[in-house]
Each structure stands twice: as C-alpha cells, then as structure tokens.
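Reading the structure
What follows is each chain in one-letter form.
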Amino acid sequence: MTRYNLEERFLHGGDYNPDQWLNYPEILAKDFELMEKARANTFSLGIFAWSALEPAEGVFEFEWLDKIMDELAERNSNVILATPSGARPAWLSKAYPEVLRTNEKREKMLHGGRHNHCFSSPIYREKVAIINRKLAERYHDHPALLMWHISNEYSGDCHCPICQENFRQWVKQKYQTLAALNEAWWGPFWSHTITDWSQIESPSPIGEMQVHGLNLDWHRFVTDQTIDFYEHEIKDIRRLSPDVPITTNFMADTRDLIPFYSLDYGKFAQHVDVISWDCYPAWHNDWGTTADLASKVGFINDQYRSLKKQPFLIMESTPSGVNWHPVNRTKRPGMHLLSSMQFIAHGSDSNLYFQWRKSRGSSEKFHGAVVDHDNDEQNRVFQDVAEVGKALEEIKEIKGLHKKAKVAIIYDWDNNWALNDAQGFGLESKRYPQTLQEHYRYFWDHDIAVDVITKDHDFDAYQLIIAPMLYLLPKETMKKFQQYTKNGGTLVSTYLTGIVNETDLTYLGGWPQELQELFGVSVKEIDTLYPKQKNLLLMKEQQYQIHDYCSVVQTNTAQTLGVYGADFYQGQAAVTVNDYGEGSAYYLGGRTDQAFLEDFYQEVTQQLRLQNEWVRQGSTNVSIQSRESQQEQLAPTTYYFVMNFSEENQEVEVATSGIDLLTGKTTNQKLQLAPYEVQIIKVTAPVQ
Ligand code: GAL
C-alpha cells in the first residue's frame with residue numbers, strides 16, 4: 001500500500017525547533033511572519049524535543065506543541081511530526097543507565113550528545129513507546145499533520161550484554177545448528193570453532209575481528225535490530241494514524257556522498273512509506289570541480305529514488321553552509337537554486353532544510369539556517385530560500401512525477417561490508433562505491449537517466465545493468481543475471497566479481513560455473529598493482545591506462561575486445577563480451593581510466609539506443625535530467641532540468657523548444673546558461 005503522496009505541492013521548509021525558543025515569544029511570532037515570506041510550507045517538529053515534551057518522568061507538556069501545530073495549520077502549513085527518540089532527556093539516562101549505549105570496546109557511554117541509545121534496552125523501548133503513543137493519540141488527526149518522522153538518522157551499534165544476547169539469538173535463528181554456524185563462519189580458522197552459543201560476541205577492535213562471517217552477520221544484525229527498533233517505534237503510530245505516511249531520514253557517507261555504510265538501506269526502504277534523506281554536499285570545495293561533486297549528488301539521489309521506485313524527500317539540506325565540514329563555505333549566488341532544483345530533477349518532492357532558525361547556543365549555532373541570528377529577511381540566504389520557494393511553486397505540476405531509467409547500477413551493502421573486510425588485493429584501493437560513481441559518471445555526463453538498485457530489484461525493467469565488483473555474489477544472483485541476460489539484457493561486470501558467497505566463504509573449484517557460462521571466460525588470477533604501477537589496455541587502435549586491478553582470464557566462448565599491453569599476461573584478454581541467449585555480458589578485467597569508460601559506454605549506449613535523444617549537443621558541465629508525466633489521456637509531457645554546474649557560461653543544443661517554467665518564456669533549441677543557472681523546460685510534444 002502506498003501511503004505517500006498526500007500533498008499537491010512541493011514541500012519547502014525544514015527542521016523547526018520552537019522548543020529551543022519557548023522563552024522568546026517575540027522570536028516565535030517572527031518565525032510565523034518569516035515562514036510566509038520564505039514561501040515555506042512544511043516543518044519538521046519535535047525531533048529533539050523530548051525534554052520539552054516530558055520534562056520529568058511521566059509528566060507531559062504538549063501545550064506548546066499544540067499552539068505551534070495549530071498556528072501552522074491555520075497558515076495552511078504541514079507538519080512532519082517527529083518521535084523524539086534520537087536524543088533523550090537527562091532524567092531518563094540518570095534513572096535508567098541501561099539505555100546508554102556500550103561501544104565496541106565495551107565502554108558504557110555517558111549521557112550527552114545524541115543518537116546514542118541502546119536499541120535493545122527494554123526500558124528505552126518502553127519509554128519511547130509511551131511518548132510516541134502520546135504524540136499519536138494527541139495529533140493523529142491534527143489538520144497540520146502530514147507525515148511522521150521517526151527518530152533521527154538512525155545509526156551506530158550497541159555492544160551491551162542485552163545486545164550481545166539478541167545477537168546470539170539472531171545467529172541461532174539463522175544457523176540453527178553449531179555445525180552450520182561453524183561452516184559459515186569457517187570456525188576452525190585460528191581455532192574459532194564455537195561450541196556453545198554463549199561464546200558468540202560482537203566484533204571488537206580489542207578482541208578478534210578476523211572472523212569475516214561474524215563481522216558480516218554483525219552488520220546484518222545491526223540493520224535488522226535498527227529496523228526492529230523502528231518497527232517498535234511506529235506500532236502505535238500506525239494503529240492510530242493508519243493513513244499518515246511514515247519516514248525516517250537516511251544519510252550518505254563522506255564528502256564523496258557514497259552510500260551510507262553501516263545500515264542496509266535496501267532492506268530499510270521496505271519499511272518506510274517514503275524515503276527521505278539528508279544531503280549536505282561540500283559545494284565550492286578545493287578538491288574537485290563543481291560537476292564532479294554534482295555527479296556524486298546525482299548518484300545518491302538516484303539511489304534513493306530507485307530503492308522504492310517512487311519520488312523521495314530531501315528531509316535536510318542547508319541553505320548556506322554547514323558546521324561540520326572541515327571548511328564550511330556558504331553557497332555562492334545561484335548555487336542554492338541550482339542545487340535545490342537538482343534534488344527535484346532526480347525525483348525529490350521536497351527541499352527541506354536543516355535548520356529553519358539558527359540555534360543560539362551549542363554546536364549548531366553557526367550551522368546554516370533560513371533565519372540567521374540577525375532575524376533579517378533581507379539577508380542573502382533568506383532571499384535565496386524565498387527564491388527556491390517561489391520556484392517550487394512555479395514548477396508545482398512536476399510534483400509526484402516519475403523519472404524513467406533504462407540503465408541500472410547495482411549497489412550492494414553485503415558486498416561492501418565483505419569487500420571492506422577482505423584481507424587481500426589492494427587494501428587501500430578497493431574503493432567499491434567510488435568505482436560505481438566512476439561508471440555512473442559517463443551517464444551523468446551524457447544526460448542518461450540511471451537507477452541505482454540492489455540485487456533484489458527486478459532486473460527486467462532495464463536494458464543495461466552495470467554490476468561492478470560484486471565480490472560477494474550469491475548463486476541466486478548469478479542465476480538472476482543469467483536469466484536477465486538470456487532474456488535480452490546487457491550486463492557489465494568487472495574484476496573482483498563472484499569470489500565469495502553470502503557468508504563470505506570463497507567459491508571452490510575455480511570461478512563459479514554460472515559466471516563462466518554467462519561471461520564466457522574463466523578468471524584465473526587477480527593481479528594487484530601498487531598505486532604508481534600501470535598497465536595498458538589495447539583496444540580498437542586505442543590505448544588506455546589500467547591501474548589497481550588486472551584479472552587474468554581465459555576466454556572460452558567470449559570474444560576478446562581488448563588486451564593487456566604489458567606484464568606476463570600481455571596480449572591476453574582484458575575486456576570481453578559474450579553472447580548469452582538474447583543478450584550480452586561484458587567483463588572488464590582491469591580497472592581502467594575514465595577515458596576507457598567514456599568510449600566503452602558510448603559504444604554500448606549507442607548499440608542499445610540509450611542516448612538522450614533530446615540532447616543534440618550537451619556539455620559535461622551541464623546536467624540534464626527529466627521527470628515525466630504518465631497521466632493517461634494526456635499528451636506525455638517531459639520536464640527537462642538543464643543545470644549548469646560550472647562557473648562559466650555554457651551552451652547546449654536540444655531537439656525541441658519548450659517553455660522555461662521559471663521564466664515563463666519559450667525557449668529555443670540553443671540554450672545559453674549563465675554560471676550555476678538552471679532552466680526547467682516543459683516539452684509537451686514527445687520526442688520520438
Ligand atoms: C544532520 C542531523 C541534523 C543536523 C544536521 C547538521 O545529520 O540530522 O539534526 O545536526 O545534520 O548538518
């Protein structure tokens with residue numbers, strides 16, 4: 001059942017913390033005045049408000065929240081109401097120390113910070129259930145309530161005795177017998193045979209972390225346990241407000257915006273009604289071009305759209321800078337509108353901010369906000385936000401529309417965890433998520449839509465599936481790949497594929513038979529290069545550089561497309577293609593430079609007719625993404641977001657004219673874009 005999509009308009013607004021300002025009535029009054037001016041319509045409330053809602057155990061104060069919610073309802077604004085479990089009141093930690101998290105070194109944390117509770121603690125669960133139920137009872141039919149925001153950025157793990165016991169139960173449930181467990185975890189290695197379930201302990205840096213099956217299962221357990229906590233949180237909420245959608249805000253990792261490491265969001269996505277996430281790119285950095293970063297933002301937004309195959313929400317972003325990047329730059333003029341429209345272009349139905357108003361004290365007092373300490377609507381950031389609010393109104397008809405992709409890239413959490421553990425190959429050079437981003441880059445540069453899916457998604461929807469470095473590859477997925485290719489799909493795989501099974505045990509007897517049949521090759525060896533060492537790929541009179549990895553393969557039915565230029569495998573196949581059923585399976589044996597990926601994918605996309613037909617002459621600095629109207633009986637309409645991610649003027653040529661929704665003007669086929677400019681062009685005549 002899809003509960004999502006209750007609003008006609010894009011959501012614009014963000015985290016609002018009136019609980020910090022209850023002693024400042026003039027500030028609260030000013031907030032409402034400014035909200036209208038910023039064209040903000042949606043506010044996330046109560047995320048960290050537990051101590052304001054329950055100042056002492058069993059003593060509840062909702063009047064302040066009633067007032068805010070009523071006022072917002074009166075102004076036709078939405079509330080995304082949070083459960084406050086992300087940060088608990090001091091009285092709770094004091095009275096029930098078991099709620100505090102124990103870290104992997106088995107040290108009990110003290111009260112402080114946030115996002116640091118034990119997911120197993122029965123007392124924490126009970127206290128959370130009480131406050132959540134009270135919120136649901138009081139607000140389930142409040143006219144402002146649009147959605148539930150469960151906790152905040154679930155993350156981390158707890159290693160307390162209760163969690164250890166839960167982990168043991170989880171493991172027992174999974175393996176049933178010690179014999180099966182020891183087989184899966186390869187028990188006899190370094191004498192790690194488990195002879196009683198009680199011997200199982202979560203991985204710890206002060207203990208043993210070399211049992212890879214155990215590490216992998218711990219990651220899976222942490223995901224399951226976090227989802228279980230989330231399910232516990234929503235029980236009464238779902239019962240009391242069955243039609244109000246529920247979300248929890250997801251994240252991405254590092255400055256490169258790679259998929260979040262520690263939770264399998266592919267699994268978690270199945271438990272939320274709509275995906276929402278918090279996106280904080282370091283625009284204007286000193287390590288890459290604006291387009292480099294924009295393509296990474298594109299990748300991760302595509303992942304969040306693809307996980308549920310529906311529009312998602314940007315739950316948090318910043319109107320200016322953040323406070324936690326090593327250097328916190330503010331957005332240059334134009335960047336706020338551009339970066340906000342990029343979210344929409346990839347399938348977001350919102351642009352929400354952290355934070356509405358800058359906090360007065362503590363660590364986030366200098367974090368970007370819609371309203372600064374100056375309280376001034378004339379300041380540049382406020383004006384930028386108001387401009388985005390206006391733009392979202394102008395493009396209202398795009399809200400809820402889908403984005404179609406015929407190309408998919410597979411990202412797999414199990415694989416990332418196992419590969420990260422693997423003691424072998426280049427310890428620093430695996431870079432699995434970054435490699436996916438490199439493959440993705442061709443499609444971003446050429447304005448071809450991509451879904452970022454998991455191995456559990458339906459493959460048949462795609463003409464091209466790119467599945468690099470699936471080191472952990474269950475037989476079931478191999479069979480799925482076979483079926484997909486047999487039915488006419490094109491599959492691209494690479495070095496470091498198909499080496500271990502789902503419990504991180506290597507396949508015996510050579511490269512798996514299923515893969516040999518599919519790719520028509522057999523991988524014999526994987527050579528690992530030092531960072532300064534290179535090999536060459538010779539293909540069609542061209543020469544490309546290979547670094548980090550070279551698989552030495554024996555070709556069987558596959559056709560060799562390119563060969564290595566050096567070393568003991570000089571002249572042997574480095575790139576192959578195999579006809580398999582109605583489709584083709586490519587194997588890229590070496591890790592190549594971007595120039596090869598550019599030429600390779602150009603050919604593949606041409607063969608499959610996957611190029612963006614609307615773009616006659618594009619630019620790698622200008623990203624063009626679209627959302628399409630699928631309404632029956634109406635002429636199909638496509639909305640093209642043409643975005644200049646560079647500091648220079650750009651020109652692109654497109655197939656048809658249209659109407660720029662931001663200016664109302666008719667565009668012609670040559671589009672001129674100023675630095676950071678975005679145009680959103682509505683084209684009603686479909687391009688054949
Ligand atoms: C998020 C968090 C917010 C705020 C923000 C700052 O990770 O959910 O509460 O701290 O970061 O960028």
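These numbers come from a predicted model, not from an experiment. Every chain is numbered on its own, with residues counted from 1 as its sequence reads. In keeping with the model being predicted, local features are shown solely for residues with a pLDDT of at least 70 and side-chain atom pairs are shown and tallied solely at 80 or more, while totals for entire chains, interfaces and linings include all residues. To obtain the side-chain values, all non-hydrogen atoms of the structure were included, while hydrogens and water were left out.

Considerations on unusual backbone geometry
Stated precisely, the cut-off is as follows: Numbering of helices and strands starts at the N terminus; helices are DSSP runs of H or I of at least 4 residues and strands are runs of E of at least 2. We call a residue buried when its accessible area falls under 20% of the maximum for its residue type, exposed when it is over 50%, and partly exposed in between, using a 1.4 Å probe and counting protein chains only.
A cis amide bond links Phe-354 to the next residue, Gln-355, at an omega of 15 degrees. Even without being glycine, Phe-425 reaches a positive phi, approximately 55 degrees. Here Phe-425 is to be found in the loop between α13 (413–421) and α14 (432–445). Judged by its relative accessible area of 29%, Phe-425 is partly exposed. In this structure, Glu-541 is a non-glycine residue whose phi angle is positive, near 65 degrees. Note that Glu-541 resides in the loop between β17 (535–539) and β18 (542–555). Among the residues examined, Glu-541 registers a relative accessible area of 84% and is labelled exposed.

Points about the domain arrangement of the protein chain
Here is the rule: Throughout the structure description, domain borders are defined by an automatic or database domain assignment. Every residue pair with non-hydrogen atoms within 4.5 Å of one another is taken to be in contact. The term buried area refers to how much accessible surface (probe radius 1.4 Å) is lost by two components on association, counted for both of them together. For this document, the term salt bridge refers to a Lys or Arg side-chain nitrogen within 4 Å of an Asp or Glu carboxyl oxygen. The residue classification treats Ala, Val, Leu, Ile, Met, Phe, Trp, Tyr, Cys and Pro as nonpolar and Asp, Glu, Lys and Arg as charged. All others, Gly included, are polar.
Taken as a whole, the protein chain is organised into domain 1 (11–175 + 225–398), domain 2 (407–608) and domain 3 (615–683). A separation of 37 Å is found between the C-alpha centroids of domain 1 and domain 2. Domain 1 puts 27 residues into the contact, and the matching count from domain 2 is 21 residues. When the two sides are added together, the surface that domain 1 and domain 2 hide from each other amounts to roughly 2100 Å², 56% of it contributed by carbon and sulfur. Of all residues in domain 1, Tyr-261, Phe-299 and Lys-309 give up the largest surface area on contact with domain 2, accounting jointly for 30% of the area buried on that side. In this assembly, domain 1 and domain 2 are joined by three salt bridges. Broken down by secondary-structure element, the contributors of at least two residues to the side of domain 1 that touches domain 2 are β8 (258–259), α9 (265–268) and α10 (290–308). Looking at which element gives the most residues to the side of domain 1 that touches domain 2, the answer is α10, with twelve residues. Grouping the constituent residues of the side of domain 1 that touches domain 2 by class yields twelve nonpolar, eight polar and seven charged.

With respect to the sheet that holds strand β26 (residues 650–654)
What counts is decided by this rule: Here, a strand pair is defined by DSSP locating no fewer than two bridges between the strands. Note on method: axes are straight lines fitted to C-alpha atoms, helices fitted across the in-contact stretch only, with angles between N-to-C directions ranging 0 to 180 degrees.
The strand order across the open sheet built from three strands is β23-β26-β29, with neighbouring strands paired in antiparallel fashion. Bordering the open sheet on either side are β23 (615–617) and β29 (670–673), each of which pairs with just one other strand. For this sheet, the mean inter-axis angle between neighbouring strands, taken without regard to orientation, is 40 degrees. Inspection of the sheet shows β26 paired to β29 by four bridges, in the antiparallel sense. Bridged to Gln-650 within β29 is Leu-673.

Some thoughts on the pairing of strand β19 (residues 559–564)
For a regular strand, side chains alternate in direction, first toward one face of the sheet and then toward the other. Both β17 and β19 contribute to a ladder of two bridges, which runs antiparallel. Within β19, the position partnered with Leu-537 by the bridge is Tyr-564.

Overview of the packing of aromatic side chains
Rule in force here: Pairing of aromatic rings covers Phe, Tyr and Trp, the last counted by its six-membered ring, and requires centre-to-centre distances within 6.5 Å; plane angles under 30 degrees mean stacked, over 60 mean edge-to-face, and any other angle means tilted. Note on geometry: a ring has a charge over it if NZ (lysine) or CZ (arginine) is within 6 Å of the ring centre and within 35 degrees of the ring normal.
Taken as a whole and judged by the stated rule, the model has 50 aromatic pairs. A centroid spacing of 6.0 Å and a plane angle of 55 degrees characterise the contact between Phe-250 and Tyr-304, whose relative ring orientation is tilted. One end of the pair, Phe-250, is in strand β6 (residues 249–250); the other, Tyr-304, is in helix α10, and 54 residues separate them in sequence. Centre to centre, the rings of Trp-444 and Phe-645 are 6.0 Å apart; their planes meet at 50 degrees, and the pair counts as tilted. Highlighted residues: Trp-444 in helix α14 and Phe-645 in the loop between β25 (638–644) and β26, separated in sequence by 201 residues. Here Trp-444 and Phe-645 have matching classes, each one buried. The aromatic ring of Trp-21 is capped on one face by Arg-357, whose charged end is 5.6 Å from the ring centroid. Directly above the ring of Phe-459 sits Lys-480, whose terminal nitrogen or CZ lies 4.2 Å from the centroid.

Quick word on the sheet that holds strand β24 (residues 622–628)
Spatially, the five strands line up as an open sheet ordered β24-β25-β30-β27-β28, and their pairing is antiparallel. The sheet terminates laterally at β24 and β28 (666–667), the two strands that pair on one side only. Helix-sheet contacts for helix α11 (residues 335–345) involve β24, β25 and β30 (678–683), and the interaxial angle to β25 is about 145 degrees.

Thoughts on the site of the ligand
Worth spelling out the cut-off: Near residues are defined by distance, with any heavy atom within 4 Å of the molecule or strand qualifying the residue. Between N or O atoms, a polar contact is any pair within 3.5 Å; within protein, one atom must be a potential hydrogen donor and the other a potential acceptor, and residues adjacent in sequence are included only when both atoms are from side chains. Areas reported as accessible are Shrake-Rupley estimates using a 1.4 Å probe. Residue values count occlusion only from the protein chains shown.
By nearness alone, every residue bordering the ligand is listed as Phe-48, Arg-114, Asn-152, Glu-153, Asp-278, Tyr-280, Glu-316, Trp-324, Phe-354, Glu-364 and His-367. His-367 places a side-chain nitrogen or oxygen 2.6 Å from an oxygen atom of the ligand. Against a free-state accessible area of 310 Å², the protein chains account for coverage of 94% of the ligand. When its residues are assigned to classes, the shell around the ligand shows four nonpolar, two polar and five charged.

So, empty space enclosed by the protein
Put simply, the rule reads: The pocket and cavity definitions rest on a 1 Å grid over protein atoms only: a 1.4 Å probe that fits but cannot leave marks a cavity, an open set with protein on both sides within 12 Å along at least five of seven lines marks a pocket, and residues lining either have an atom within 4 Å of a point. Grid points are joined across faces, edges and corners, and a volume is the space filled by probe spheres set on the points.
Tallied over the full model, the rule gives six cavities of 30 Å³ or more. A volume near 60 Å³ is recorded for the largest cavity. Taken together, Thr-435, Glu-438, His-439, Thr-494, Tyr-495, Leu-588, Gly-590, Arg-591, Thr-592 and Leu-597 make up the lining of the largest cavity. At the level of secondary structure, the elements contributing two or more residues to the lining of the largest cavity comprise α14 and β22 (590–592). Partitioning the lining of the largest cavity into residue classes produces three nonpolar, five polar and two charged.

Quick notes on the layout of surface pockets
Approximately 940 Å³ is the volume found for the largest pocket. Residue lining of the largest pocket: 42 residues in total, with Lys-404, Ala-405, Lys-406, Ser-626 and Glu-628 positioned closest to the centre. Going through the elements one at a time, α10, β24 and β25 are the ones with two or more residues in the lining of the largest pocket. Among the elements that take part in the lining of the largest pocket, β24 stands out by supplying five residues, more than any other.

Notes on the UniProt feature "domain: Beta-galactosidase trimerisation" (unreviewed entry) in the protein chain
Going by this rule: UniProt positions are given in the numbering used here, feature names are shortened, and annotations may be inferred rather than shown by experiment.
UniProt annotation of "domain: Beta-galactosidase trimerisation" (unreviewed entry) refers to residues 405–610 when read in the numbering used here. A distance of 10 Å separates the end C-alpha atoms of residues 405–610, which is 27% helix and 33% strand.

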